[in-house]
Every structure is written in structure tokens, then in C-alpha cells.
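Each chain is listed here by its residues.
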Amino acid sequence: MKVNGDYCHDLLIAKTKQKLAYRTGENYAEWKKTIREKFYELTGLNKIKKNAEGHPLNIDIEKEEKKEGYTQIRFTFESEPGAVVPCYLLVPDTGKEKYPVVITLQGHYEGGMYGSIGEIRVESDKEYQPRGAFAVQAVRNGYIALALEQRAMGERKSTEKMRANGQMCSFSALRAFQLGRTLIGERVWDISRAIDCLAVYEKFEKCDLSKIAVTGNSGGGTASFYAGCFDERIGVVAPSCAFCSYKASILDMAHCACNYIPHAYEWFEMQDLSCLIAPRKFVPIAGKEDHIFPYYGVEEGWATVKKIYQEENVEGNCRLVETPKGHFWCEEIVWQAINEAFESETVLH
């Protein structure tokens, strides 16, 4: 008998039917409510929120610098007890009273958020610059940019055993699982609390919080998607190289542990969660040659997204944008998609 270490899981994946998969003809409002509750439960967001209840943000402005065309503000805040989040806010110097905000999230760069502000902290990040300077690009497109250090990346890497199994996030992700949380849930919570900072601190008064987008590539795109599912203040959700069916990507090849939500595939596929973004604008960017998030899995998921947006009568608020590249941030395509999403009329019925 042939031995295959993956075959048992392959069989289980093939026969699994998600209990909360989108199906036409069901009570849509009730299904959406139920899937939201399950999403909070499985990501641990309900536990994270409870742990943070009543905890002050403790915002600390550490440094302000004048750059070419913008001011760069370094600050930290505390999203829950013990979770200090370093951030950079980049404010254009073009003299407007208010600016839309784009939250920019790096992927698995050694230098973490410093890639977003165009700084090279480690040798391996050189290949990502300048195309990886998401926050600087946002400013050049007329936005205030918020770059924040995601948990288990950059300054927030684990202080020990941080490279379990060769992945910078694995130790932190596995610890979170044992505590009934997920690392992606913790990252989403930090993003949401960062928006709270912009809302309450006078230094950030130029932020137009009625116009918020979130974007990032790869791991940053994944966090962008789930942040859009959680925080309804985010009006444009534009993940790059991240949206794809679970079956075609994270269940079919090895990924960092930070991509996983225990038990998720029993309940829903990634595309089913787009109901938590709808009716807001959802504009995923996907590479035709992406071998990590294969385009056939993107198309498979997108078929469900379109049905969900039709269910909400807001078909015009979702658009799939493809690039000719692989797992690659295509600067011009991404910013054109975000600009058009902000400029186009929001379809609401």
C-alpha cells in the first residue's frame, strides 16, 4: 500500500461542506449575522475585545519629521494590555483641511513597517524598494497614510524562538492558538484600535475618517481583508495578492501559521466572509501568475463574492482587479484601483 502523508487530509478537504457557506434562497440577513458571530469566535476577536475592554490607548507621539512633500509622525499606542503598537502617520503638505486615509500593511518583510515608509533596515528588504513603500505611495496619491507594525513582524517580532520552523510569525501564531485566539485576529484588532487613535487624538485632525481604505500585499493583504470584515469604518478594502479560496491556497500549500484560523474551513470559505465587507467597496487585486494565491482560486471565490453583492443590491461596489504579474505589488494598478474606488459613487440601495 502506498504511503502518502497528505492523503487523509486531502480526502477530508474534498468532502468538507462548509456549514455556513453562502447559498441562494436562504435568509440572507440571518446568515450574515451568524457568520459574523462565527468569524469573531474563530478568530478570537470576541476574546481580544473583552481583554481590551476599558484599557486606555495610551497614545505617545515620539517624533515628527519633515520629509519631501509630507510630515512623518512616529507614535505608539496600546491596543490591549501589553500590546504596544508602533505606527507612522504620513500627512501630505499640500494644505488641505482633511485627507482620506489609507492604512498600508506590509507583508513578511524583515524590516516590517519600515518598508512601507521607504526605509531599508535589513539587507533582504532592498529588493522590495521602492515598490514596497506603500505609505509613501499613498501620500503621492493624495492620502494620509497610516503604517503600523503588525504583530510578529518588524519591531514586534517575538523576543525568543521567533523563527520557529523558519517563519517569523509561527511562534506567536501558535501561542495565540493555544490561548483561544489567532494572530490574524490580533492584527485586525490592532488595525481597528489604530483607527480609534485617529478619531480621538487632536494631532490627527487632518484625517477624514469618513474615507478610509486599507491595503497591503501578501500577508498585508490578508490582514487588509480581515480588517475590512471586522471594522465597518473602512470604506474601501483593497487586498493585493491575498484573496483566494482556502482550498486553492492555504489548504493546498505551506503558508506561515499567521494565515490560519482553526476550524474555519468547517464553517466558511474565504469568499463567504465578503458578506462582512458588503455593502462597502471590495476591490481585491490578484496576480494572474501568482503561485501562492492561484488565480483559479481567486476566480472561484469571486463567483461567490458577486452573488453576495447582488444579494445586497450593490453589484457596483465590488470589482476584481487582475495584474499580469505573480505574487507582486503592482504599484500603478493598485493605486489606480483605490483612486477609482474613492472617486466612484458608492452604490447603496
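Anyway, here's the lowdown on the structure attached to this text. (Residues numbered from 1 in each chain as written. Predicted model: local features only at pLDDT ≥ 70, side-chain atom pairs only at ≥ 80, totals over all residues. Heavy atoms only, no water.)

**Points about the overall build of the protein chain**
- Tallying secondary structure elements over the protein chain gives 10 helices and 10 strands in all.
- Its C-alpha atoms give the protein chain a radius of gyration of 19 Å, near enough to 20 Å, the size a compact globule of 349 residues would have.
- Out of the 349 residues in the protein chain, the part that is buried amounts to 57%.
- Of the contacts made within the protein chain by residues no fewer than 6 positions apart, 71% connect residues no fewer than 24 positions apart.
- Taking the average location of the 43 positive side-chain charges in the protein chain and that of its 49 negative ones, the two points are 3 Å from each other. (Helix = DSSP H or I, 4+ residues; strand = E, 2+ residues; numbered from the N terminus. Rg over C-alpha atoms; globule rule 2.2 N^0.38 Å. Buried < 20%, exposed > 50% of the residue type's maximum accessible area, 1.4 Å probe, protein only. Contact = heavy atoms within 4.5 Å. Lys, Arg positive; Asp, Glu negative; His and termini not counted. Charge placed at Lys NZ, Arg CZ, Asp CG, Glu CD.)

**With respect to the environment of M113**
- Its place among the elements puts M113 in the loop between β4 (99-105) and α4 (134-140).
- The exposure class of M113 is buried, given its relative accessible area of 0%.
- Spatially, the C-alpha atom of M113 lies 35 Å from that of I13, the residues being 100 residues apart in sequence.
- Discounting chain neighbours no more than four positions away, the residues touching M113 are R74, P86, C87, Y88, Q106, A147, L148, E149 and E155.

**Here's the deal with the packing of helix α3 (residues 45-52) against helix α6 (residues 183-200)**
- Where α3 contacts α6, the axes come no closer than 9 Å and their chain directions differ by 50°. Judged on the interaxial angle alone, α6 and α3 are oblique. Between α3 and α6 lies a crossing whose hand is right-handed. Contacts from L45, I48, K49 and A52 of α3 reach α6 at G185, E186, V188 and W189.
- Looking at the contact of α3 with α6, its residues break down into 5 nonpolar, 1 polar and 2 charged. (Axes fitted to C-alpha atoms, helices over the stretch in contact; angles between N-to-C directions. Parallel < 35°, antiparallel > 145°, perpendicular 65-115°, else oblique. Left-handed = near helix turned anticlockwise from the far one by under 90°. Nonpolar A, V, L, I, M, F, W, Y, C, P; charged D, E, K, R; others polar.)

**Some thoughts on the pairing of strand β6 (residues 207-217)**
- Most of β6 is tucked away, with 8 of its 11 residues classed as buried.
- Strand direction decides the pairing type here: β4 and β6, joined by 7 bridges, are parallel. Following the sheet pairing, V101 is matched in β6 by I212.
- Pairing analysis gives 5 bridges linking β6 to strand β7 (residues 236-240), with the strands arranged parallel. When the bridges of β7 are listed, G216 appears paired with P239.
- Once the chain exits β6 it traverses helix α7 (residues 219-230) before rejoining the sheet at β7, and the crossover so formed is right-handed. (Pairing = 2+ DSSP bridges. Right-handed = clockwise from strand over helix to strand, strands pointing away.)

**Remarks on helix α10 (residues 331-343)**
- The first and last C-alpha atoms of α10 sit 18 Å apart over 13 residues, in line with the 18 Å expected at 1.5 Å per residue.
- Taken together, the buried positions of α10 are occupied by V334, W335, A337, I338, N339 and A341. (Expected span 1.5 Å × (residues − 1).)

**Overview of the side chain of Q106**
- Relative to the elements of secondary structure, Q106 occurs in the loop between β4 and α4.
- The exposure class assigned to Q106 is buried, which follows from its relative accessible area of 0%.
- In terms of polar contacts, Q106 uses its side chain to reach the side chain of E149, at 3.4 Å.
- Once residues lying within four places of it in the same chain are set aside, the contact partners of Q106 are G112, M113, S116, F134, L148, E149, Q150, M153, N217, G219 and G220. (Polar contact = N/O pair within 3.5 Å; in protein donor to acceptor, adjacent residues only side chain to side chain.)

**Examining the side chain of K32**
- Take K32: it is sitting in helix α2 (residues 28-43).
- Residue classification places K32 among the buried positions, given a relative accessible area of 14%.
- Among the polar contacts made by the side chain of K32, one reaches the main-chain carbonyl oxygen of A278 at a distance of 2.9 Å.
- Those residues within four positions of K32 in sequence are excluded, and the remaining contacts are C275, L276, A278, P279 and E312.

**A look at the nonpolar core**
- Membership of the largest hydrophobic core comes to 72 residues, with the highest contact counts inside it found for L89, Y226, Y246, L273 and F282.
- In terms of residue count, α6 provides more of this core than any other element does, 8 residues in total.
- One finds Y88, V321, W329 and V334 within the second-largest nonpolar core, a separate group that totals 29 residues. (Core = buried A, V, L, I, M, F, W, Y, C linked by side-chain atoms within 4.5 Å.)

**Side note on unusual backbone geometry**
- Here the bond from Q129 into P130 is cis, since omega is 5°, no more than 30 degrees from zero.
- In this structure, P130 sits in the loop between β4 and α4.
- Geometrically, the link from A278 to P279 is a cis peptide bond, its omega value of 10° lying close to zero.
- By the secondary structure assignment, P279 is in the loop between α8 (264-267) and β8 (281-282).
- Its identity as a non-glycine residue notwithstanding, N313 has a phi of 60°, on the positive side.
- Inspection of the secondary structure puts N313 in the loop between α9 (295-311) and β10 (321-323).

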